[in-house]
Structures are given as C-alpha cells and as structure tokens.
Amino acid sequence: MRVVVFNCGSSSLKYRLIDMPGETELAAGEAERVGPKTALPGCIHHTALGGQEDHTLAMPDHGTAFLAVMKLLERDARLVPEAIGHRMVHGGPLFKDHVVVDETVFQRLHEVQDLAPIHNPPALRLLGACRQLYPNLPETVVFDTAFHSTIGAAAREYALPYRLARAHGFRKYGFHGTSHQYVAEEAAKFLGVPLGELRAVSCHLGSGGASLCAISNGRSLDNSMGYSPLQGLVMSTRSGDLDPSIALSLVARAAGDGRAIESMLNRKSGLLGLTGISADIRDLITADGASDNALARAAQVYLWRIRKYLGSYLVVTRRPHCIIFTDTIGEKIPAVRWAVTAGLAALGVAIDVRKNAEVKSLPADLATPASRVRILAIATNEEIAIARASYNLLRRAGRPS
Amino acid sequence: MNALVLIPGQVGLRYASVALESGAVSSVAFRGRAASLPDLQTALAARSSHPAIDVVSMRALYGGQDFTAPAVLDTANENRLLGLLRQAPLAVAQTRALAEQARSAFPKIPITLAFETSFFVNLPARETTYALPCDSGIAARRWGYHGLFHEAALDHLAAMAAGGERPARVLSICLDTRPEIAAVYRRTPLLVTSGSTPVEGLPGEHSCGDIDPAIPLALASDPTVGPERTNIMLTQESGFFGLLGRPATLAEVLTSKRARMNKVRELLLYRMLLAAGSALAALEGLDAIVFSGRYAQQAAPVAEYLVPRLEQTLDLDPGTLPWQICPASLTTIVAEAGVTALLGRRAPEP
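Quick caveat, the model's predicted, so the values are computed rather than measured.

(A) Seen up close, the overall build of chain A. Along chain A, the regular secondary structure elements total 15 helices and 14 strands. The C-alpha radius of gyration computed for chain A amounts to 21 Å, which stays within 12% of the reference 21 Å derived for 401 residues, consistent with globular compactness. Summarising its shape, the C-alpha atoms of chain A cover approximately 55 × 55 × 45 Å along the three principal directions. Expressed as a percentage of the 401 residues in chain A, the buried residues total 54%.

Dropping the structure here:
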C-alpha cells in the first residue's frame with residue numbers, strides 16, 4: 001500500500017510517499033510559500049525515483065498545494081497514492097488514538113482546532129480539501145498527542161481547581177508523540193528488547209521544539225511538554241517552564257494582552273530571548289564562553305533544563321534500558337549529548353567520549369560497556385511512523401489494497 | 001537572652017517568646033497567634049508576667065541579593081530593604097510594615113531579620129535563569145523560600161554526623177504549607193523547586209505549583225476571568241484545596257486514608273519524585289535525605305515512596321539510603337538567627 005504522508009505547516013506542506021509495509025520511500029518533497037502572496041512565488045521541491053525537480057506555481061491555499069503534489073505523483077503509475085496519512089499536532093481529549101477519517105471524525109476534528117492554533121487549522125483545511133478532491137481515497141489522522149494518552153493521572157493533572165481544569169481542558173497532553181513512539185520502537189529492535197518491556201527516556205531535541213519522554217513498557221509515562229508545547233525544556237524560541245506569576249506579570253505589563261505574551265513566550269524567548277542573536281544551540285555550544293558570557297550562559301540554561309528532566313525521568317522509568325537522543329540536535333550534536341549525561345555514573349549512565357564524538361551512522365550506542373543504561377542516537381522518522389500508524393489502522397479497518 | 005519571634009503569614013502573625021543560652025534555644029515561654037502586632041501588644045499587656053525581651057527576631061520572606069545572612073534592622077539595612085521593594089512588592093512591604101510596627105512597639109529593643117532567600121543567593125545562574133527575552137522588562141530569577149528550614153536541616157545532619165563523615169550530597173525536603181525541595185552540595189544549593197515566587201514548584205495547600213505557562217495566559221485573557229482573578233485562583237484556590245474542593249493540610253494529605261486524598265497524595269508524591277530525580281542529576285548521586293518543615297514529623301509516607309525508587313536508580317541496596325527528620329521549628333530557627341545577627345556570629349559552620 002502506497003501511503004502519502006502530509007505534514008502541514010502554516011505556510012508549507014511536506015510530503016512523503018511510502019510503500020507499506022516495506023517502508024520504502026518512493027517520493028518526497030515540500031511545497032513552500034503556501035498561502036498569501038509573498039515576494040517570491042510558491043515552489044514545490046519534488047524528489048521521486050532518484051530524480052529531483054522544482055516547480056514554481058502560485059499556491060494560495062493548502063488545497064491547491066495538495067492538488068499540485070498529487071498531480072506530480074500521478075504522472076507515474078508506480079507513485080499513485082492509495083491512502084493518505086495526515087499529521088495533526090493536537091488531538092485534545094477527544095482523540096486518544098489515531099483515526100480513520102469519516103464524516104463524524106471530520107466534524108469532531110473541528111472541536112480541537114483551537115488547542116493548537118498554529119498547526120491544527122491548516123491541517124484540518126488540508127484534510128477538507130483531500131476529502132473534497134479525492135473522496136474515495138482512505139485517509140487517516142495521526143496525532144502527536146495520542147502516544148501520551150497512557151500518561152497516568154498523577155503526571156497528567158495539574159493542581160488546579162477541579163472544575164476549572166475540567167471546564168478548560170487544563171491537563172497535560174504531551175507532544176512529539178509520533179517521534180517518541182518511533183524511536184522507542186527502533187530502540188527496542190536495536191537492543192533486542194520486546195517493545196512491551198522497553199523502559200527508556202527519549203530525548204527529542206529538535207532545532208526548534210524539544211521534549212523528553214519517560215517510557216515504560218513501550219508506553220508514554222510522562223512528557224516534558226504539557227497542556228501546550230510551551231511547558232518543559234528551554235527551546236529555540238520557547239521559554240519552557242516558567243513561574244505562573246511571571247506569566248501574569250508579563251500580561252499586566254502588556255495591558256492584559258495575553259495573546260501578545262503567548263506569542264512572545266513561543267516565538268521570542270528560549271535561546272533567542274536569552275542571547276538576542278541566535279535561536280540555535282549549535283551557534284552557542286561552540287561559542288567561546290570566555291569572550292561572550294551571555295552565549296555561554298544561554299547554553300548552560302538550555303543544557304541544565306534537559307539534565308534536570310533527564311534525572312527526573314531516569315527515576316520515574318525505574319532502571320531504564322536506554323536513553324535515546326533523536327532529531328536534529330539529539331542526533332548530530334555530540335556536545336549536547338555529553339553535557340547532559342556526563343557525570344551520571346551513579347545513576348547507571350556512562351557515556352563513551354570517543355564513541356559519542358565519532359558517530360558514523362545511526363542507530364548508534366554511545367555508552368561505555370559498563371554503563372547499565374545504554375545511550376542511543378537514533379534518527380527519527382515521523383513520516384515513517386505516520387505511515388506505519390496509517391497502514392495499521394487501515395489494515396484493522398479492512399482497507400489495505 | 002530572650003527573643004520575641006515574629007512570623008508573619010497570610011492570615012495574621014505567629015509569635016513566641018524564646019529563651020536562648022549561648023545562642024541556642026533553651027525554652028519557649030509562650031507562643032500564640034495574633035491578627036497584627038497591636039493585637040500582640042494587647043495580648044502581652046494582658047499577661048501578668050512575661051520575660052523581658054532582648055531582641056525581636058522576625059522572619060522575612062525575601063531579602064534579594066543584598067541579604068546573605070540574618071541582619072539587624074539598622075538604618076543602612078532599612079534602606080537596603082527599601083531598595084528591594086520593586087523586586088518583591090508584597091513580601092518586602094509586609095516585612096517593612098511589621099518592622100515599623102515592631103520598632104514602634106518596642107522602641108529600645110533591637111530588631112533582626114532572618115531571610116528565607118539568603119540560603120539561595122548563590123544558586124547557580126543556570127538554575128536561576130528563565131529563558132525570557134532580554135527586553136521583556138522582567139528581571140525575575142529563581143529563589144527558594146524555605147531557606148531557613150533547609151539550613152537548619154543541614155545543621156541537623158552535621159550534628160548527627162557527630163564527627164563522622166558529613167553527607168556532601170543532600171536532598172533537603174521541606175514539608176510545609178508550600179513544600180519545597182532543594183539539592184544541596186556541601187551547603188551550597190544547586191537546585192530548588194520554587195521559582196521567582198513560591199507559586200512555582202510543588203503544589204501546596206492552596207497554590208498550584210508547576211503548571212504550563214499557557215494556562216495563566218489563557219485564563220488572564222479570558223474576559224470572564226482576567227489577570228487578578230487568575231492570580232487568586234492560582235495562589236489561593238488551587239493546590240490541595242483546588243483538587244479536593246475543601247481545605248486540607250499537607251499532614252492530612254500525607255496521612256489520610258480517605259480515597260479522595262489518595263489522588264492528591266499520588267500527585268504530590270509524583271511531583272516530589274520528579275524533583276528528587278532532577279536533584280540526583282544535579283548532585284551526580286546522593287548521600288542523604290533530610291526532612292524539615294512544619295510537617296516534618298509526617299515524613300514517613302514521603303520517605304516510603306521516594307527512598308526505594310531513588311535506591312533503585314542509584315543501584316543501592318534497599319534500606320541503605322539514609323534519611324532523617326530535622327525537628328527544629330521555624331520559631332526556634334528564627335530565634336537563633338536573630339541572636340546570631342545581634343551578636344555578630346555567623347551560623348555554626350559544619
């Protein structure tokens with residue numbers, strides 16, 4: 001079954017065509033500058049069967065971009081999609097698992113739009129376009145939050161007035177679930193541990209968002225993100241954890257404009273806020289701390305927050321098999337892996353400096369032979385994870401080709 | 001020497017008359033609770049006799065970077081305190097108001113201040129810093145707000161070592177109305193659960209503790225709630241009170257057998273476990289746990305939950321991670337701090 005996976009950004013549309021269950025990538029690409037007119041025209045960078053091509057065209061909405069991508073794929077009979085898998089960031093309390101889309105599901109998805117105002121609405125608009133233009137193609141929605149539906153009450157609930165929390169849906173949802181689930185599955189294979197027995201701390205350290213996940217018996221126990229992706233680690237432009245009183249002080253200073261502060265905490269804080277010049281830890285970790293204390297301090301704050309969550313989750317998972325590093329920073333920046341795991345021998349964690357510095361291919365085990373907890377670097381692949389989930393859903397629904 | 005100890009709280013003033021010999025508490029003559037200092041004066045006047053007061057020792061919540069130890073309230077320190085008003089308006093205003101009343105009530109008696117934040121003045125920048133834009137206009141940093149209990153707990157551990165090896169890496173757990181956990185290496189705190197205010201951190205009897213920053217923003221932006229109501233909800237109507245729908249002390253949460261309390265206890269203990277895990281990573285191991293605070297004597301359920309899990313992580317044999325209870329009360333801690341400040345002696349260095 002050829003599953004085309006769509007990952008919808010606010011002004012972009014990424015896609016991959018994957019042949020399942022073999023997980024062979026047949027085509028991939030990205031439509032850029034989707035939406036209102038910009039200085040440069042829209043463009044689709046398309047790769048298929050070893051060839052690469054760029055197509056310039058106006059894409060005023062995601063429906064147009066989707067149609068253009070489908071036309072590119074349909075030029076070759078070997079690339080005609082048989083199912084569509086959509087990534088959606090937030091399923092809210094309504095969607096505890098991934099779903100096959102029907103009219104009821106489509107209508108209910110509108111109810112969780114506001115929980116991720118940047119990501120969910122364009123994904124939903126795309127879904128609507130797909131249903132209209134290709135009504136006979138089976139579609140699934142894979143939620144970032146679904147993997148975390150197993151988080152227990154003690155980790156999920158906030159100590160807020162019960163009725164208030166219920167009325168507003170204030171609880172931990174957790175994010176990056178698709179990635180955490182994928183690398184947990186890969187880690188289980190790599191270590192030869194049944195997934196249902198795997199205990200791990202997964203560190204999804206992206207160049208933008210980042211979260212840690214405590215995993216026990218292959219299921220999510222906890223995630224550093226919360227009700228929204230704002231909670232948790234210091235990220236490129238997100239503040240992460242913050243005293244609630246500070247949030248309120250900021251609102252007071254902005255004359256009650258909570259949305260402006262939300263935007264500031266999501267887009268202008270984190271590493272960018274601390275340094276004023278860079279949102280990328282790669283620019284800071286190599287900076288000369290002696291010559292620029294602000295950069296060095298920002299890097300320390302970023303690393304320290306990861307280390308604190310790592311310690312928490314090492315205890316919560318009770319002698320985990322492994323720590324997993326994934327996504328751009330987790331996979332490619334040895335200095336980050338070293339800084340957050342060094343000196344943790346007492347907790348059963350010992351990183352091999354040489355292995356960590358000289359990773360040639362992934363997956364890789366970076367721990368010393370004596371380390372009780374293995375330290376793995378694993379490449380995440382959210383599209384494969386979405387294709388897997390979509391294929392399994394459709395197979396259970398009796399709809400594979 | 002007799003100290004009149006004043007501990008201001010959200011609802012009134014706790015007070016006690018404490019006798020000290022060689023800087024250490026020998027007895028507590030009386031203690032009580034008053035709505036304000038004038039009420040206390042009335043109560044004192046009504047007593048047929050009470051010991052002469054040599055020093056008024058006050059507990060102060062916030063001393064900023066300026067106050068690294070207990071201090072005598074002289075003109076210089078009063079000015080320094082005034083300078084902190086913008087950093088912590090409510091806490092500093094409360095301290096100043098009470099100090100003013102105390103000076104008026106006891107004009108010839110020296111007044112001393114014992115600050116909860118002094119212990120945390122040198123918390124590392126990586127721990128104190130929030131990842132906010134430089135131009136946000138917020139100069140907040142993380143503090144701890146039970147520094148007096150943590151220091152007393154470390155003194156207790158040192159005393160219990162009695163010439164033996166003192167534990168270097170300590171998990172200090174203050175069980176109070178707003179519980180707080182600190183990771184301490186050789187008397188230097190490396191990590192603490194509270195934040196720029198005591199609202200952040202572990203949930204308390206009425207405060208929410210750690211929540212997603214998007215939550216206060218959502219509530220403050222809601223026209224039916226707004227910023228002021230949000231503040232009240234998070235600081236007075238949340239925590240155990242919010243979860244249960246009625247007031248409950250930490251002691252009740254830790255010891256009650258009622259089913260509804262289990263959920264609250266599990267939430268609290270889980271949060272404590274997360275903090276303890278962070279402490280292990282900060283300290284690169286652990287040598288001892290010490291409990292202090294108003295409810296320190298109810299530490300057993302916390303220890304039963306935390307200790308086996310930490311031992312498992314640290315590959316220790318069951319029952320080998322030591323934990324102790326520091327019995328000191330805030331009254332005696334503040335009294336001793338006052339005498340230390342007055343006599344110019346520093347706290348005993350272990």
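(B) Local environment of the overall build of chain B. A tally of regular secondary structure across chain B gives 12 helices and 11 strands. Taking 2.2 N^0.38 as the reference for a compact globule, 350 residues should give roughly 20 Å; the C-alpha atoms of chain B span a radius of gyration of 20 Å, in line with that estimate. Per-residue burial for chain B yields a buried fraction of 51% across its 350 residues.

(C) A look at the sheet that holds strand β9 (residues 188–192) of chain B. All names here are of chain B. Overall, mixed pairing links the 5 strands, which are arranged β9-β8-β7-β10-β11 in an open sheet. Pairing within the sheet leaves two strands with one partner each, and these edge strands are β9 and β11 (323–325). If you compare each strand with its neighbour and ignore which way they point, the axes differ by 25° on average. As defined by bridge partners, strand β8 (residues 180–185) adjoins β9 across 4 bridges and the pair is classed as antiparallel. For alanine 182, the partnering residue across the bridge sits in β9 and is valine 192. Against the sheet, helix α5 (residues 147–161) touches β7 (169–174), β8, β10 (288–292) and β11, its axis set at about 125° to β10. Relative to the sheet, helix α10 (residues 259–283) contacts β7, β8 and β9, its axis offset from that of β8 by approximately 15°.

(D) Inspection of the interface of chain A and chain B at higher detail. Contacts between chain A and chain B engage 66 residues on the former and 63 residues on the latter. Elements represented by at least two residues in the side of chain A that touches chain B include exactly α4 (153–156), α5 (162–168), α7 (244–253), α8 (258–267), α9 (270–275) and α11 (293–316) of chain A. Looking at the side of chain A that touches chain B element by element, the count peaks at 13 residues for α11(A). Taken together, the residues of the side of chain A that touches chain B sort by class into 35 nonpolar, 19 polar and 12 charged.

(E) View of the packing of α11(A) against helix α13 (residues 334–341) of chain A. Residues and elements named next belong to chain A. At a minimum axis separation of 9 Å, α11 and α13 run at an interaxial angle of 55°. With respect to each other, α11 and α13 are oriented oblique. Every pair of crossing elements has a handedness; the one defined by α11 and α13 is right-handed. Contacts between α11 and α13 pair Leu303, Ile306, Arg307 and Leu310 from the former with Val336, Ala339 and Val340 from the latter. Tallied by class, the residues present in the contact of α11 with α13 amount to 6 nonpolar, no polar and 1 charged.

(F) Quick peek at the nonpolar core. In terms of nonpolar packing, the biggest core is built from 240 residues, with A:Ala187, A:Ile324, B:Val5, B:Ala276 and B:Ala279 touching the most fellow members. Top element by residues in this core is α11(A). It accounts for 14 residues. With sequence-adjacent residues up to four places away left out, B:Ala279 is seen in contact with B:Leu171, B:Ile181, B:Ala183 and B:Leu191.

(G) The arrangement of the environment of B:Leu244 in detail. All names here are of chain B. Within the fold, leucine 244 resides in helix α8 (residues 239–244). The class of leucine 244 is partly exposed, set by 17 C-beta atoms lying within 10 Å. For the pair leucine 244 and arginine 260, spaced 16 residues apart in sequence, the C-alpha to C-alpha distance is 7.4 Å. When near neighbours in sequence (up to four residues on either side) are disregarded, leucine 244 contacts Arg260 and Val264.

(H) A look at the domain arrangement of chain B. All names here are of chain B. With domains assigned, chain B is organised as domain 1 (2–123 + 330–343) and domain 2 (147–325). The gap between the C-alpha centroids of domain 1 and domain 2 is 26 Å. Taken together, the contacts link 13 residues of domain 1 with 9 residues of domain 2. With 4 residues, the single largest contributor to the side of domain 1 that touches domain 2 is helix α12 (residues 330–343). Here the side of domain 1 that touches domain 2 is built from residues that sort into 8 nonpolar, 3 polar and 2 charged.

(I) Focus on helix α6 (residues 177–191) of chain A. Residue and element names in this part refer to chain A. When the terminal C-alpha atoms of α6 are compared, their 21 Å separation across 15 residues agrees well with the 21 Å that a helix rising 1.5 Å per residue should span. Burial of α6 is extensive: 11 of the 15 residues sit out of reach of the surface. In the stretch just after α6, glycine 192 is the one whose phi turns positive, near 70°.

(J) The pairing of strand β14 (residues 374–377) of chain A, seen in detail. All names here are of chain A. Both faces of β14 are covered, namely the face carrying Arg374 and Leu376 and the face carrying Ile375 and Ala377. Bridging between strand β12 (residues 322–326) and β14 involves 4 bridges; their strand directions are parallel. Counterpart to isoleucine 323 in the pairing with β14 is isoleucine 375. Here 2 bridges tie strand β13 (residues 364–365) to β14, and the two strands are oriented antiparallel to one another. Residue alanine 364 lies in a different strand from β14, and its bridge partner there is alanine 377.

(K) Main features of the sheet that holds strand β8 (residues 139–143) of chain A. Residues and elements named next belong to chain A. Strand order in the open sheet formed by 8 strands is β5-β4-β3-β2-β1-β6-β8-β7, with mixed pairing between adjacent strands. The open sheet is flanked by β5 (51–56) and β7 (99–100), the only strands paired with a single partner. When strand β6 (residues 83–88) meets β8, the two strands line up parallel, connected through 5 bridges. Bridge pairing links isoleucine 84 to glutamate 139 in β8. Most of the contacts of helix α3 (residues 120–133) go to β6, to which it runs at about 165°, and overall it touches β1 (2–8), β6 and β8.

(L) Fine view of the packing of α8(A) against helix α6 (residues 214–221) of chain B. Where α8(A) meets α6(B), the closest approach of the two axes is 9 Å, and the angle between their N-to-C directions is 160°. Considering their axes alone, α8(A) and α6(B) lie roughly antiparallel with respect to each other. The way α8(A) lies across α6(B) gives a crossing that is left-handed. Of α6(B), the residues touching α8(A) (which contributes A:Gly258, A:Arg259, A:Ile261 and A:Glu262) are B:Ala214, B:Leu217, B:Ala220 and B:Ser221. Of the residues belonging to the contact of α8(A) with α6(B), the class tally is 4 nonpolar, 2 polar and 2 charged.

(M) Highlighting unusual backbone geometry. Residue and element names in this part refer to chain A. Between methionine 20 and the following residue, proline 21, the backbone shows a cis peptide bond with an omega angle of 10°. With respect to the helices and strands, the residue proline 21 is situated in the loop between β2 (12–19) and β3 (24–32). Look at the link from leucine 362 to proline 363: it is a cis peptide, with omega at 0°. Secondary-structure assignment places proline 363 in the loop between α14 (353–357) and β13.

(N) Highlighting the environment of A:Arg75. Residues and elements named next belong to chain A. Note on placement: arginine 75 falls in the loop between α1 (62–74) and β6. Look at arginine 75 and you get exposed, because 9 C-beta atoms sit within 10 Å. Each C-alpha atom, one on arginine 75 and one on aspartate 114, is 37 Å from the other, the two residues being 39 residues apart in sequence.

(O) Broad picture of the pairing of β7(B). All names here are of chain B. Of all 6 residues making up β7, 5 are buried, and the element is well covered by its neighbours. One ladder, built from 6 bridges, connects β7 with β8; its direction is antiparallel. Directly across from arginine 169, in β8, lies its bridge partner tyrosine 185. Between β7 and β8, which follow one another and run antiparallel, lie 5 residues. Bridge count for β7 against β10 is 5 bridges, and the pairing is parallel. Across the sheet, the residue bridging to serine 172 is valine 290, located in β10.

Calculation rules
- Residues numbered from 1 in each chain as written.
- Chains lettered and ligands numbered in written order.
- Predicted model: local features only at pLDDT ≥ 70, side-chain atom pairs only at ≥ 80, totals over all residues.
- Helix = DSSP H or I, 4+ residues; strand = E, 2+ residues; numbered from the N terminus.
- Rg over C-alpha atoms; globule rule 2.2 N^0.38 Å.
- Buried ≥ 20, exposed ≤ 12 C-beta atoms within 10 Å, placed from the backbone.
- Pairing = 2+ DSSP bridges.
- Axes fitted to C-alpha atoms, helices over the stretch in contact; angles between N-to-C directions.
- Contact = placed C-beta atoms within 7 Å.
- Nonpolar A, V, L, I, M, F, W, Y, C, P; charged D, E, K, R; others polar.
- Parallel < 35°, antiparallel > 145°, perpendicular 65-115°, else oblique.
- Left-handed = near helix turned anticlockwise from the far one by under 90°.
- Core = buried A, V, L, I, M, F, W, Y, C linked by C-beta atoms within 7 Å.
- Domains from an automatic or database assignment.
- Expected span 1.5 Å × (residues − 1).

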